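Residue-level listing of the chains:
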Amino acid sequence: MEIFGVPLPALMGQLMLGLVSGSFYAILSLGLAVIFGMLNIINFAHGALYMMGAFFAWMALTYLGIGYWWSLVLVPAVVGVVGIVIERTMLQWLYKLDHLYGLLLTFGLALIIEGLFRSEYGVSGLPYTIPDELTGALDLGFMFLPKYRLWVIAISLFVCFATWFVIEKTQLGAYLRAATENPKLTQAFGINVPLMVMLTYGFGVALAGFAGVLAAPIFQVSPLMGSNLIIAVFAVVVIGGMGSILGSIVTGLGLGIIEGLTKVFYAEASSTVVFIIMAIVLLIRPAGLFGKEK
Amino acid sequence: MNGRLSLIGYAALLAALLAAPLFLYPVLVMKVLCFALFACAFNLLLGYTGLLSFGHAAFLGTAAYVTGHVLKEWGWPTELGLLAGTLAAAALGWLFGALAIRRQGIYFAMVTLALAQMVYFLFIQAPFTGGEDGLQGVPRGHLFGVVDLADDINLYYLVLAICVGAFWLIHRTINSPFGQILKAIRENEARVVSLGYDVAKYKLLAFVLSAALAGLAGATKTLVFKFATLTDAHWHASGEVVLMTLLGGMGTIFGPVVGASVIVTLQNELADKVGSLVTVIMGAIFVICVLAFRRGIVGEAIALYRRMVWR
Amino acid sequence: MKAKRIVLAVAATLGLSTGLAQAQISDSVVRVGVLTDMGGAYSDLSGAGSVIAAKMAVEDFQAREKPGFAIEVVSADHQNKGDISSNKAREWFDRDKVDVVTDLVTTSTALAVMKVAKEKNRIALVNGAASTRITNEDCNDVTVHWTYDTYALANGTAKAVVKQGGKSWYFLTADYAFGHSLEKDASDVVIANGGKVLGAVRHPFPGTDFSSFLLKAQASGAQVIGLANAGTDTTNSIKQAAEFGITPKQSLAGLLMFITDIHSLGLKNTQTMYLTEGFYWDLNDETRAWSKRFFERAKKMPTMVQAGQYSSIAHYLKAVKATGSDDTQKVMAWMKKTPVNDFFAKNGTIRDDGRMVHDTYLLQVKKPEESKYPWDYYHVRQTIPAAEAFQPLALSKCSLVKK
C-alpha cells in the first residue's frame, strides 16, 4: 500500500521515528522553557546535561551494575543535584546582569562538561543495551514497531503532561508562576523565592538528565550527543515561544513529526527544516506560535 | 584614552608584526591575524552596538567557501577572490540581519545561532563545499599577477596589510558619527528612537559591516591554509569568537585582538598536549570571564591605568 | 592527543656508520609522523595501535640494521578532520622537520595531507584511508597507498556476496569521499557480476542514529544492504539493523570491516559475514609471531592498518639506509624499485600510481561454536593474488601512469 508514492511501512516507520525525535525535542524544550520562565536564563548547558544523564546511566550500568529502571529515577536526581550546585555557585550571581551573561556562562559550562567527557571517553560513542523487557518489536503488519521506541514516546508524553499539569493546575505550580511574575511580591507573602528558583533549575535540568537516560539505548552514548541536539531544540523554543510550557511540548512533538515526514519525501532537507520553519515563524509571528512577548 | 600613548602603542605593534616572520612561524601569525580580524568584526556588533550574534561562523564559512571556490574552480585572480568572499558574507549578513533584528537580546542571539546552523547544514549538503572532505587545494595565486603568494612570507605581508587596513576601517567607523549612534543604541535604544533615528536601519548596517569584515577574515584564512572546511561554519567557531571578544574586552577597540591572540596561541600550543581538554579550558575561561572578569584583559588594563592616573 | 616525542636515538655504533650517511640526512634525524584518529570513529582500527606499530618498526630496524642516523616518532590526533590534518602536516613539515607522515586514516585527511606533502616535497605513506582516489584522480609521486583500497574491498566482498546469490543491493553510505568511493566501486562490481543496485542513502559522518536510513534500506526490499562505511558507523548500523528486524530477512554486507569490529560486535552478530582484509593475524607462523608481539603492547590483535603501518615504515627506513639520504625523490625511487617482502606482503610492489599491490584475503566470519581461541574469528576463504586484487593500471586515471 502506498501513500504519495511511499510504501506504508516506510512512512509509518519514519513517522514513528519522528515522534521519538519529537519526544526528545519536547522534553528538552520543556526543560529550557521552565528554566527560562523562572530564571530568565537560556540554559546552553542543557545539551551537555542531557549528555551527562546518558553517561551517568552508562556509568551506573558499567561500574555499579545499576540497571536501566533504577537509572531512570536515580540519574535525573543526580543531574538535578548537579544543576542545583551550578545554580548556587554560579548562576545566582548573574540575575542582576544582562541576560546575555547567563547565556555565555552556560555556554562555557557546556564546553567544560563536553570537553571533560570527551577527554575521558573519546567521541566514538559507547553502547548501552536496551533493557530486556523492552527489546524486540511488535510486527503490526503495516509497520515494525520496536518496543523501546514506543516506550520512549509514551513515557515522554506522560512526563511532559505531568509537568504541565503541576505547573498550571497545582498550588506548587501557582507559587512558581507567581514567583516568575513578581518575585518581590511573592517573597513578601512568605514564599521562599530563591529556593523555588534553585529547585526550578534543578528540575529543568533533571528533565534533561531523564531525556539522556531515555536516549542512551537508542543513540550512542557520546560526548557529542548533546551539542548535536541542542541547537535544534533552541529553534523549537523560538518557534514555540519562550516561556510557554504547552507551547514547547506541542511544538517539540510537531516538529519531530515534520522532520520525520521530511525524511521520507525530501531527505536532504531534514536537518534544515526546523530552521526554515523558524525563519518563517519569525517573519510572521515574532513572538512565537504560543509566545507572549515579554 | 590617551591618544598619543595609544598611537605609540600601535606603532610599536606594527613594527613588531613587520618583523615577526623572523622569529615566529608565519602561518601561525597569519592565523592569529585572521582571527583577530574576525573578533574585531564581531566586536563591532557586540561591543559597540550591543547585539550578541551567536552565528558569526556563518559569515566566516560562507566567505571561506566562496573564495575557495572562485579561486580553485573558476581560476579568478586572488584579489577578486577575496572580494567575492567578502561580498558573499555581506549579502548573507543582510539576510540574517533583516530576520534577526526583529527580536531583541537573547532572542536575537538564538535566532542568529539557529540561522547559522541552517547555513551549516546547507554547506554539508552542497556539493561545491565538498562536505566532510572540505574544499581543498585552493591556489593562492599571484597578487595583481605579480607577487607569488605561494611563498609564506609574501602572503604574510599581504595578510598583515589586509588586517591592518580593516582594523583601521573599524577604528574610523567607531569614531565616526555613525559609530556614535551605534554606541548610543547600545546604551539606551529607546532614547535613540525618541531622537528620531531609524534604529533598525542602523542595526542592520552594523550587522552587514560586521558580517563583511568577518567574511574578509574567512576569505583571507582560506588563502593562508589553502582550504575551507565545515569547521569554519560550525557553531564552535561562533562560540570561539565570542570568547575571544569577551576575554579581550568587549567594547574596547583592541580587546578582540588581544583575545584572539591568546586563544589561538593557547589552542595551538595545547592541542597536542592535552587534546580535548582544550575545550574544557576554553569553557573555564568563559565561566571565569563572565563571573569575575567581565571587562576582559584590555578592559581591566584600561581601568587599572585610569585608577593609577587619577590617584 | 599528545604528540609524543620519543627520541629513539641510537648510540652510534663504532666504525660502521659513516659521517657520509649522516651528512645527507637533514639534521641527522629521520622523523616519522603518525597522524591518526585517537578518539573517534576509527580509533580502534588505527589510533594508538598505529603509533605502537610505528614504534615497533623503528625499534626493530634500529636493533637489526644499526643505522648511522637517529630516528624519532611523533604522533598527533587529526580527529578525522581535513583541516586539522592539513595544518598539522604543514606544521610538522615546516617547523618540526618531519620527513614522512603515515597512517592518515579517513580519506579526507589523506587527500589533504597528500597535497601538503607534495607542496613541501615530503612523503606520505597512507595506511588507514581507503579511497581509490588516492591512486587515481588525486595521485602524486610522493604518496604510497600501502594497505588496501575500496577497489580491493569491492572486488573481494561484493563479488563474493553476489556470487552467493545476493543480487539486489541497496547502499548505506558514509557521506564523504571514502563512502562515495566504496559505494561506487562496489556498485560497479555488483553490476559487472549480474546484480542490480536499487539505490543508496547517505548518512552524515560520523553518524549516530542510523534508524531512518536503515528504514529506507528496508523499504527498498533489496536482498543485500551494502554498508559503505567503517568503524563505529558500521558496528552501529549492524546493531540497529537487528533492532528493526531488518536482519535476518535482508543480509548486511560490511564492505569495510576490521577485526576490531568483529571483536566489539561479537561472533553472534556477525557470523557468516564476508569481508576482505589485507592482513589476518592468524594466517601463518610469521604473522602469528609478529601479531603476538603487537598484542603484548596493544592488548588487541592488529588490524591490517596497523600491520601495514609496520610494513610501510620498515620499507621506508630501509630505503633511507640504502640510499644514504632522506631526500624524497631518492627514497621514493628506491621504494618503488624494491619489492616488499615481510610478514605483511610477499613480493609486494609499488606501482607508478603509488599503489602497493599485494595479496588480499577473502574472509568469512566464523560461527561462535567454530571459534576455538580468543580472536579466532575468520575462515580464510580465498587468497586473492596481487595481480587481481587491485585496480589494473590500464584503468587508472592517474597522470603518472604512462599509457
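What counts and what doesn't
- Residues numbered from 1 in each chain as written.
- Chains lettered and ligands numbered in written order.
- Predicted model: local features only at pLDDT ≥ 70, side-chain atom pairs only at ≥ 80, totals over all residues.
- Helix = DSSP H or I, 4+ residues; strand = E, 2+ residues; numbered from the N terminus.
- Rg over C-alpha atoms; globule rule 2.2 N^0.38 Å.
- Buried ≥ 20, exposed ≤ 12 C-beta atoms within 10 Å, placed from the backbone.
- Contact = placed C-beta atoms within 7 Å.
- Nonpolar A, V, L, I, M, F, W, Y, C, P; charged D, E, K, R; others polar.
- Pairing = 2+ DSSP bridges.
- Axes fitted to C-alpha atoms, helices over the stretch in contact; angles between N-to-C directions.
- Core = buried A, V, L, I, M, F, W, Y, C linked by C-beta atoms within 7 Å.
- Domains from an automatic or database assignment.
- Expected span 1.5 Å × (residues − 1).
- Right-handed = clockwise from strand over helix to strand, strands pointing away.

Brief notes about the overall build of chain B
Turning to step 1, where the next piece is worked out: When you go through chain B residue by residue, the secondary structure sums to 13 helices and 2 strands.
Turning to step 2, where the next piece is worked out: Relative to the globule expectation of 19 Å for 311 residues, the C-alpha radius of gyration of chain B, 19 Å, shows essentially globular dimensions.
Turning to step 3, where the next piece is worked out: Dimensions of chain B along its principal axes, counting C-alpha atoms only, are 55 × 45 × 40 Å.
Turning to step 4, where the next piece is worked out: Classification of the 311 residues of chain B by burial places 54% in the buried group.
Turning to step 5, where the next piece is worked out: Taking as baseline every contact in chain B between residues at least 6 positions apart, the subset at least 24 positions apart corresponds to 77%.

Details of the overall build of chain C
Turning to step 1, where the next piece is worked out: Helix and strand counts for chain C stand at 14 helices and 15 strands.
Turning to step 2, where the next piece is worked out: Expected size for 403 residues packed as a compact globule is a radius of gyration near 22 Å; at 21 Å, chain C falls within 12% of this value.
Turning to step 3, where the next piece is worked out: By principal-axis analysis of the C-alpha atoms, chain C measures approximately 70 × 45 × 35 Å.
Turning to step 4, where the next piece is worked out: Within chain C, the proportion of its 403 residues that are buried is 62%.

A few points about the interface of chain A and chain B
Turning to step 1, where the next piece is worked out: On the side of chain B, 34 residues touch chain A, which itself brings 33 residues to the contact.
Turning to step 2, where the next piece is worked out: Counting residues per element, the ones that place at least two in the side of chain A that touches chain B are α4 (99–121), α9 (225–240) and α11 (273–284) of chain A.
Turning to step 3, where the next piece is worked out: The biggest single contributor to the side of chain A that touches chain B is α4(A), with 16 residues.
Turning to step 4, where the next piece is worked out: Across the side of chain A that touches chain B, the residue classes tally to 24 nonpolar, 6 polar and 3 charged.

Quick look at the sheet that holds strand β14 (residues 360–365) of chain C
All names here are of chain C.
Turning to step 1, where the next piece is worked out: Taken in spatial order, the 3 strands of this open sheet run β11-β14-β15, and their pairing is antiparallel. Every interior strand has two partners, whereas the edge strands, β11 (274–277) and β15 (378–384), have only one. Taken pair by pair, the neighbouring strands of this sheet meet at an average axis angle of 30°, ignoring direction.
Turning to step 2, where the next piece is worked out: Here β11 runs beside β14; their pairing, made up of 4 bridges, is antiparallel. By the bridge assignment for β14, Glu277 is matched with Tyr361.
Turning to step 3, where the next piece is worked out: Together, β11, β14 and β15 form the strand contacts of helix α5 (residues 150–163), whose direction differs from that of β11 by roughly 160°.

Observations regarding the interface of chain C and chain A
Turning to step 1, where the next piece is worked out: Listed as interface residues are 16 residues of chain C and, on the opposing side, 19 residues of chain A.
Turning to step 2, where the next piece is worked out: Elements with a contribution of two residues or more to the side of chain C that touches chain A: α7 (211–220) and α8 (231–243) of chain C.
Turning to step 3, where the next piece is worked out: Examining the composition of the side of chain C that touches chain A, we find that 5 residues originate from one element, α7(C), more than from any other.

Focus on the nonpolar core
Turning to step 1, where the next piece is worked out: Grouped together as the largest cluster of nonpolar side chains are 352 residues, with contacts concentrated most on B:Leu37 and B:Ala114.
Turning to step 2, where the next piece is worked out: Ranked by residue count, the leading element in this core is helix α1 (residues 8–39) of chain A, at 20 residues.
Turning to step 3, where the next piece is worked out: Summarising the domain contributions, this core has at least three residues from each of domain 1 (26–148 + 283–354) and domain 2 (151–277 + 360–387) of chain C.
Turning to step 4, where the next piece is worked out: When sequence neighbours within four positions are dropped, the list of residues in contact with B:Leu37 reads B:Cys163, B:Ala166, B:Leu213, B:Leu216 and B:Ala217.

Quick look at helix α8 (residues 193–215) of chain A
Turning to step 1, where the next piece is worked out: The end-to-end C-alpha separation of α8(A) is 33 Å, in line with the 33 Å expected for 23 residues at 1.5 Å each.
Turning to step 2, where the next piece is worked out: Burial within α8(A) is extensive, with 20 of its 23 residues counted as buried.

Concerning the environment of A:Phe55
Residue and element names in this part refer to chain A.
Turning to step 1, where the next piece is worked out: Within the secondary structure, Phe55 is located in helix α2 (residues 46–64).
Turning to step 2, where the next piece is worked out: Spatially, the C-alpha atom of Phe55 lies 19 Å from that of Tyr148, the residues being 93 residues apart in sequence.
Turning to step 3, where the next piece is worked out: Beyond its immediate chain neighbours, meaning those up to four positions away, Phe55 contacts Phe117 and Val221.

Observations concerning the pairing of strand β2 (residues 29–36) of chain C
Residue and element names in this part refer to chain C.
Turning to step 1, where the next piece is worked out: Among the 8 residues that make up β2, 7 are buried, leaving the element largely enclosed by the rest of the structure.
Turning to step 2, where the next piece is worked out: Once the chain exits β2 it traverses helix α2 (residues 47–65) before rejoining the sheet at strand β3 (residues 70–77), and the crossover so formed is right-handed.
Turning to step 3, where the next piece is worked out: In the sheet, β2 pairs with strand β4 (residues 100–103) via 4 bridges, with the strands oriented parallel. Paired with Gly33 across the strands is Val101, a residue of β4.

Let's talk about the sheet that holds strand β7 (residues 168–174) of chain C
Residue and element names in this part refer to chain C.
Turning to step 1, where the next piece is worked out: Across the sheet, which stays open at both edges, the 4 strands sit in the order β8-β7-β9-β10 with parallel pairing between neighbours. The sheet is open, and its two borders are formed by β8 (196–203) and β10 (251–254), each paired with just one other strand. Within the sheet, the average angular offset between the axes of one strand and its neighbour, ignoring direction, is 25°.
Turning to step 2, where the next piece is worked out: Pairing geometry for β7 and strand β9 (residues 224–228), over 5 bridges, is parallel. Within the sheet, the bridge partner assigned to Tyr170 lies in β9 and is Ile225.

Some points on the domain arrangement of chain C
All names here are of chain C.
Turning to step 1, where the next piece is worked out: Per the domain assignment, the segments making up chain C are domain 1 (26–148 + 283–354) and domain 2 (151–277 + 360–387).
Turning to step 2, where the next piece is worked out: Centre-to-centre separation of domain 1 and domain 2, based on C-alpha positions: 27 Å.
Turning to step 3, where the next piece is worked out: Taken residue by residue, the interface counts 21 residues in domain 1 and 23 residues in domain 2.
Turning to step 4, where the next piece is worked out: Residue contributions to the side of domain 1 that touches domain 2 peak at 3 residues, all from helix α4 (residues 107–120).

Things to note about the environment of C:Ala253
All names here are of chain C.
Turning to step 1, where the next piece is worked out: Examined against the element boundaries, Ala253 turns out to sit in strand β10.
Turning to step 2, where the next piece is worked out: C-beta crowding within 10 Å serves as the criterion here: with 24 such atoms nearby, Ala253 is assigned to the buried category.
Turning to step 3, where the next piece is worked out: C-alpha of Ala253 to C-alpha of Asp285: the two residues are 32 residues apart in sequence and 30 Å apart in space.

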